[in-house]
Structures are given as structure tokens and as C-alpha cells.
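So the chains spell out like this:
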Amino acid sequence: MDKKLIIRLAAYLAGLLILAFGLTMNVMTGLGVSPIISVSYAASEITGIAFADATFLLYVLFVIAELLIHAHLRRLTWMQLIKDVAQLPLSLLFTRFMALFQAILPDLSSSPMAVRLLALLLAIIATGVGAASTLSMCLIPNPGDGIVQAFADLLSLPVGTMKNIIDGVNVCISLTLGLVFLSRIAGIGIGTVIAFIGVGRVVALYNATAGKRIAAAAGVAGDGGNRTL
């Protein structure tokens, strides 16, 4: 197998693992979850479904939406169809990583605030590095990224703007679900806000340093890693 392809696949899989760790650690701090998975967290709290399973179901909805948007835009070529559908087994693998980390990571929600903030910092760094690593390899997109790109194409908006809109919509849905079904806010907190701001900065820093060297070693060019969760 070509050395560059091996590096590319290794960086992609490592990125998935690191990203799953970061998102799960974000949850375990008890300070709030990442905006893009806040709906699945609220659904998990309401229904009792495991958080990883609820996230997989959310990703399935994202993929269905991507397929409908690409069909509407007349871009659903065989290659695009394969790329969209391939996100389903990827999502299953990714959410199993999340389930694994949720089983082994400690619940820090009752720990001292200093410990929780340090864990949140680690979570944000891991999320940014994992997201940048997977995106920069330009293979199968994470559904959280794919849905942003699909709506950006549909509405002719910049990806960054669309990302902020979708994050905001997810947070609003999560708040509504929590207040209606649980009479409380579920999963939204200061950690959500910090993650919203911090992950993008970590992605930019990673891409400008180690990410650039890894992408070059993998024979990848482009700006895929400039998008965030």
C-alpha cells in the first residue's frame, strides 16, 4: 500500500478516535455539550436512549437531509451518493467510539470547578485536533460537517456562517426539548459556549502547525480542515 495512503488513513482514523474522546469528555464535565450534538444529548436525557445511540440516530437524519438537498440541487451523482451513504457506517463506528469513552471516562460533574475546567480545556483541544485531522484528510465527512456543507450549498451561504446558524438552531431545539419534556435545560451550559468559540481556534492552530505537515505527508491539499464541528 502506498505510504501516503497509509498516513492518510491513519490520520483519519486517529482523528475519529480523538474527536470521539473530545466530544465525550465535553459531556462528562457537566458544563455543557458541543452544539452540534446537543439535540442528541437532550433526546438521550428525555428517552433514556444511550447518548451514543441518540447521536447515531441524529447523524442518520443529517445524512437523509444531505441526500434530499443534493437531489434537489441535482448534484446526487453516483459518487455523491456513495459519499453521503458512506457516512452511515462511519457514524456507527464513530458513535461506538463515543460509547467506549463514555463507559471508561469518569463523571466529573460533581468534581471541583478547577478540575472540570481543565477537563473542558482538554476536551476542546481534542475536539479541535480530531475534527481538523479527519476533515483535512478529505475522505468521508462527519455528518455534522456534511450537513453544514449541504445547507451552505442550498442557501448559497459561506460554510462558516452556515455552521453558526446550524449550531444556533441545534441549541434552540435542545433548549426547547429540555424545557418542554424535562422542565429544565439539558446539556447546554458554559461548556457549550466555550466549545463553540474554542474548537475553531484549535482547528486553525492545528492546521497551521502539525496539521500542515501531516497533510503534506499524506499528499493532501486543500482547505477541508478549515471547517469545524
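Residues numbered from 1 in each chain as written. Predicted model: local features only at pLDDT ≥ 70, side-chain atom pairs only at ≥ 80, totals over all residues. Heavy atoms only, no water.

Draft legend 1. The pattern of salt bridges, seen in detail. Under the criterion given, the structure shown has four salt bridges. Two residues, Glu45 and Arg184, come together in a salt bridge whose shortest N-O distance is 2.9 Å. With Glu45 in helix 2 (residues 38-47) and Arg184 in the loop between helix 8 (159-182) and helix 9 (190-208), this pair connects stretches of sequence that are 139 residues apart. Notably, a salt bridge pairs Asp167 with Lys163, separated by 3.0 Å at the nearest N-O pair. Residue Asp167 and its partner Lys163 are both found in helix 8; the two are separated by four residues, about one turn of the helix. Assigned by exposure class, Asp167 and Lys163 land together as buried. (Salt bridge = Lys/Arg side-chain N within 4 Å of Asp/Glu carboxyl O. Helix = DSSP H or I, 4+ residues; strand = E, 2+ residues; numbered from the N terminus. Buried < 20%, exposed > 50% of the residue type's maximum accessible area, 1.4 Å probe, protein only.)

Draft legend 2. Focus on the confidence of the model for the chain. Confidence in the prediction of the chain, expressed as mean pLDDT, is 90, and 96% of residues score 70 or more. Counted against residues more than four places away or in other chains, residues 224-229, with its pLDDT under 50, gives 26 contacts. (pLDDT = per-residue confidence, 0-100. Contact = heavy atoms within 4.5 Å.)

Draft legend 3. Broad picture of unusual backbone geometry. Here the phi dihedral of Cys138 falls at roughly 55°; this positive angle occurs in a residue that is not glycine. One can find Cys138 in the loop between helix 6 (113-136) and helix 7 (143-155). The partly exposed category is assigned to Cys138, whose relative accessible area is 37%. With a phi close to 55°, Ser156 is a non-glycine residue in the positive phi region. By the element assignment, Ser156 lies in the loop between helix 7 and helix 8.

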